Amino acid sequence: MRYIDPHIHMVSRTTDDYQRMAQAGCVAVTEPAFWAGFDRSSAQGFFDYYRQLTEYEPKRAAQFGIRHFTWLCINPKEADDPGFAREVISIIPDFLERETVLGIGEIGLNKNTRNELIILEEQIALAEKYNQMVLVHTPHLEDKLKGTRLIMDAISASSIEPGRVLIDHVEEHTVGEVLDRGFWAGMTLYPDTKCTPERAADIIEMYGTERLWMNSAGDWGCSDPLAVPKARLEMARRGHSAETIDTVTFGNPQCFLSQCEKFRLED
Amino acid sequence: MSDPIFSCPQNREEVINTYFMEHRAKLIDLAAYLDRLDRARPVGDDADFRDTAFRDAIAILTDGQSQRARRILDLLSDHSTAMPQSADGMKGALGAPHRVSTEGGAA
Ligand SMILES: [Zn+2]
């Protein structure tokens with residue numbers, strides 16, 4: 001069996017995690033730029049982070065036969081100061097040509113503020129200008145529903161095709177609208193606060209497999225880099241076919257990501 | 001969305017065989033949590049907005065309608081339209097919306 005974890009923050013994980021993921025069948029990961037658990041003090045901090053994502057992580061992953069791709073942006077949590085955010089955004093275009101950069105992400109909202117929305121719109125414009133795909137972070141808990149709608153409205157106001165955008169961290173109250181509006185939807189499997197493997201399987205039973213994927217979003221917090229293979233087991237335990245399981249954990253991410261010609265699983 | 005009825009590969013007995021014990025434990029956790037609240041001294045006169053939302057959500061479990069997870073998440077969502085300018089000084093998400101209207105401040 002092989003799978004893709006299309007949203008995981010490997011900079012926060014140990015090399016053992018790459019090894020265990022490879023043993024569990026992981027053939028590729030994509031890593032969106034995000035918040036490191038603390039606010040960086042300068043744009044230079046982001047420059048170094050983008051170098052880590054584009055130069056160091058692909059090599060670390062390759063030791064275990066895993067392809068590593070990335071998405072670049074300033075995350076919504078650090079985008080509340082528009083002046084600072086613009087300084088960071090100005091360094092992104094130079095990195096977009098790099099061979100493992102798939103697009104802009106994970107952009108979105110955190111507390112649904114006007115400042116966050118301004119910077120979201122400017123990063124959507126950046127994706128438009130450079131013809132990039134987009135990976136979207138949606139807010140957590142009580143902020144998710146409102147934030148998801150605001151984000152979809154902002155993208156719909158641009159010329160970016162919804163089929164080139166993945167809206168991540170969907171749950172039962174947002175997945176329907178995301179799919180109805182033509183976007184791709186990602187289910188994030190988290191040990192406690194987000195979607196569990198059981199609920200991910202439930203969502204598949206309610207909404208089907210089209211334009212839906214799952215990921216671990218493993219990061220520096222309590223999270224599980226093996227969440228995707230565990231969800232595969234959960235689906236199998238419940239009697240889903242191997243074909244269905246492969247569709248949501250391999251075929252669908254491959255299909256979405258392959259819209260960027262830089263995404264390749266073979267040489 | 002597609003008709004959710006019978007889209008689970010397992011029949012009802014199989015679902016119960018697979019998941020009953022785990023959810024029996026979660027059910028008792030829930031009851032014990034409510035009992036714990038009964039034993040805890042109240043703070044102030046007003047109910048905590050999170051506790052109010054929690055009890056409203058419990059009612060959804062037994063109202064006989066489907067789509068319980070979606071409806072509970074919807075109940076626990078912020079449905080306001082106001083947008084604060086900045087997140088400066090705001091708390092992180094608390095899991096249930098503050099029903100008190102705030103002029104774009106921390107909620
Ligand atoms: Zn993330």
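Residues numbered from 1 in each chain as written. Chains lettered and ligands numbered in written order. Predicted model: local features only at pLDDT ≥ 70, side-chain atom pairs only at ≥ 80, totals over all residues. Heavy atoms only, no water.

Glancing now at the overall build of chain B. Helix and strand counts for chain B stand at three helices and zero strands. Helices and strands in chain B line up, N terminus first, as α-α-α. The buried share among the 107 residues of chain B stands at 18%. Counting only contacts in chain B whose residues sit at least 6 apart along the sequence, the fraction spanning at least 24 positions is 26%. (Helix = DSSP H or I, 4+ residues; strand = E, 2+ residues; numbered from the N terminus. Buried < 20%, exposed > 50% of the residue type's maximum accessible area, 1.4 Å probe, protein only. Contact = heavy atoms within 4.5 Å.)

Residue and element names in this part refer to chain A. Grouped together as the largest cluster of nonpolar side chains are 73 residues, with contacts concentrated most on M21, Y50 and M214. Those residues in contact with M214 that sit more than four places away from it in its chain are P6, M187, L189, A200, I204, V228, A231, M235, V248 and T249. Counting 16 residues, the second largest nonpolar core, distinct from the first, contains F69, L102, L166 and L257. (Core = buried A, V, L, I, M, F, W, Y, C linked by side-chain atoms within 4.5 Å.)

Moving on to the domain arrangement of chain B. All names here are of chain B. Each assigned domain of chain B is listed here: domain 1 (9-40) and domain 2 (45-77). If you average the C-alpha positions of domain 1 and of domain 2, the two centres end up 17 Å apart. Counting residues at the interface gives four residues for domain 1, matched by four residues for domain 2. Both faces combined, the contact of domain 1 with domain 2 buries some 350 Å², and carbon together with sulfur accounts for 77% of it. Counting across the interface, domain 1 meets domain 2 through zero residue pairs in polar contact (both at pLDDT 80 or more). Taken together, the residues of the side of domain 1 that touches domain 2 sort by class into four nonpolar, no polar and no charged. (Domains from an automatic or database assignment. Buried area = accessible area lost by both parts, 1.4 Å probe. Polar contact = N/O pair within 3.5 Å; in protein donor to acceptor, adjacent residues only side chain to side chain. Nonpolar A, V, L, I, M, F, W, Y, C, P; charged D, E, K, R; others polar.)

All names here are of chain A. Among the seven residues of strand 2 (residues 26-32), six are classified as buried, and the element is accordingly described as predominantly covered. Taken together, the three bridges between strand 1 (residues 3-5) and strand 2 define a ladder with parallel strand orientation. Across the sheet, the residue bridging to Y3 is C26, located in strand 2. Bridge count between strand 2 and strand 3 (residues 67-72): five bridges; the pairing is parallel. By the bridge assignment, T30 is partnered in strand 3 with F69. This β-α-β element, strand 2 to helix 2 (residues 43-62) to strand 3, shows right-handed connectivity. (Pairing = 2+ DSSP bridges. Right-handed = clockwise from strand over helix to strand, strands pointing away.)

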